[in-house]
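Architecture and fold: a report
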Amino acid sequence: MKGKFIVIEGIDGCGKTTQIDELTKWLPSSGLMKKESKLITTREPGGSLLGKKLRGLILDTNKNNQPSSLAELLLYSADRAEHVSKIISPALNKNNWVISDRFSDSTLAYQGYGRNINLEIIKNIESIVCQGEYPDLTFFLEISPEESISRRKNQIPDRIEAEGIKFLEKVNEGFKVIAKEKNWKVISASQNIETISYQIKETLLKNFSTNK
Ligand code: TMP
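The name given to the protein chain in an unreviewed UniProt entry is Thymidylate kinase, and the organism recorded there is Prochlorococcus marinus str. GP2. As recorded by UniProt, the Sequence similarities (unreviewed entry) comment attached to the protein chain reads in full: "Belongs to the thymidylate kinase family." Heading Function (unreviewed entry) of the UniProt record for the protein chain holds this comment: "Phosphorylation of dTMP to form dTDP in both de novo and salvage pathways of dTTP synthesis."

1. Looking at the site of the ligand
Of all residues adjacent to the ligand, which total 16 residues, the nearest are D12, Y76, R102, T107 and Q111. The side chain of R55 places a nitrogen or oxygen atom 2.9 Å from an oxygen atom of the ligand. Out of a free accessible area of 470 Å², the ligand has 95% covered by protein chains. A molecule is said to occupy a pocket when more than half its atoms come within 2 Å of that pocket's grid points, and by this definition the ligand occupies the largest pocket. Counting residues per element, the ones that place at least two in the shell around the ligand are α2 (49-59), α3 (69-93) and α4 (104-114). At four residues, the largest contribution of residues to the shell around the ligand is made by α4.

2. A short note on the layout of surface pockets
If you add up the space inside the largest pocket, you get close to 480 Å³. When residues of the lining of the largest pocket are traced back to their parent elements, those giving at least two are α1 (16-26), α2, α3 and α4. Here the lining of the largest pocket takes four residues from α4, the largest share from any one element. For the lining of the largest pocket, the per-class residue count stands at six nonpolar, seven polar and twelve charged. Estimated volume of the second largest pocket: approximately 270 Å³. Surrounding the second largest pocket, 15 residues form its lining, S104, D105, Y134, P135 and K182 being those nearest its centre.

3. A look at the state of the cysteines
Cysteine pairs can be covalently joined through their sulfur atoms, and such a bond is termed a disulfide. Tallying each qualifying case throughout the model produces zero disulfides. Among the cysteines around C14, which has no disulfide bond, C130 carries the closest sulfur, lying 20 Å off. Look at C130 and you get buried, because its relative accessible area is 0%.

4. Thoughts on the sheet that holds strand β3 (residues 97-101)
Two modes of strand pairing occur in sheets, parallel and antiparallel, and in both the strands are linked by backbone hydrogen bonds. The parallel open sheet is built from five strands, whose spatial order is β2-β3-β1-β4-β5. Both edges of this open sheet fall to β2 (39-43) and β5 (185-188), since each of them pairs with a single strand only. The sheet shows a mean angle of 20 degrees between the axes of neighbouring strands, direction not considered. Relative to β5, strand β4 (residues 137-142) runs parallel, the two sharing four bridges.

5. Focus: the nonpolar core
Counting 44 residues, the largest nonpolar core has L27 and L204 as the members making the most contacts within it. Sort the elements by how many residues they give to this core and helix α7 (residues 165-181) lands first, with six residues. For L27, the residues in contact, after removing those within four places along its chain, are I6, L32, M33, L39, W97 and I99. V7, V84, I88 and F103 belong to the second largest nonpolar core, which has nine residues in total.

6. Focus on the side chain of D101
Along the polypeptide, D101 turns up in strand β3. Contacts of D101, omitting those with residues within four sequence positions, involve I8, K16, T17, I20, T42, R43 and E44.

Calculation criteria
- Residues numbered from 1 in each chain as written.
- Predicted model: local features only at pLDDT ≥ 70, side-chain atom pairs only at ≥ 80, totals over all residues.
- Heavy atoms only, no water.
- UniProt positions renumbered as here; feature names shortened; annotations may be inferred.
- Near = heavy atom within 4 Å.
- Polar contact = N/O pair within 3.5 Å; in protein donor to acceptor, adjacent residues only side chain to side chain.
- Areas by Shrake-Rupley, 256 points an atom, 1.4 Å probe, with all protein chains shown as cover.
- 1 Å grid on protein atoms, 1.4 Å probe; cavity = no way out; pocket = protein on both sides within 12 Å on 5 of 7 lines; lining within 4 Å.
- Sits in = over half its atoms within 2 Å of the grid points.
- Helix = DSSP H or I, 4+ residues; strand = E, 2+ residues; numbered from the N terminus.
- Points joined across faces, edges and corners; volume = space filled by probe spheres on them.
- Nonpolar A, V, L, I, M, F, W, Y, C, P; charged D, E, K, R; others polar.
- Disulfide = S-S within 2.5 Å.
- Buried < 20%, exposed > 50% of the residue type's maximum accessible area, 1.4 Å probe, protein only.
- Pairing = 2+ DSSP bridges.
- Axes fitted to C-alpha atoms, helices over the stretch in contact; angles between N-to-C directions.
- Core = buried A, V, L, I, M, F, W, Y, C linked by side-chain atoms within 4.5 Å.
- Contact = heavy atoms within 4.5 Å.

And the structure:
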């Protein structure tokens, strides 16, 4: 019996971290998880020890350290391979639940739709990298690229966040296509934090109540 694997996706500034913090408080006492199961919250890039180092390299804004699109894709893929092997699979196999801030569809959205790397190439790489671990449920917190930029106007952007609105528009359109194809739970992230949180919890209750 494996634990549940839940992923939260969306463009930068959509409020993933806030919602994951809220779920971390709520899920263990929600009645959905078995008593002996733990909740692991993690993220990409950077969920494993090697991944933390890769995250520094991938998001470095230093102009001399800009990877090519292909190298960028493979760095995210290396991060994910390590994340699945060392964190996600071991946790799920112990019947623990995992919530990940981003997973493989971020690569499809950012490197595929954003950077125009052939989607089939990305899907082939992902089929190796994910090692058979796919989310039981993915939430897409949807905001417009304009709102994403305005919410982050006082933050120092990382290398991907610094790409600007045109790039973000392509990524957001990509997420919308993927969300439809994969039947994700789409939630408007322009609503207030409590409403979003309520909708996420209701969806989890609806999907997993009988699966305990
Ligand atoms: P984060 O700020 O949500 O932690 O993610 C860091 C950045 O990395 C964010 O701008 C999205 C980007 N990203 C990709 O471009 N491809 C990927 O596969 C992942 C996981 C993240």
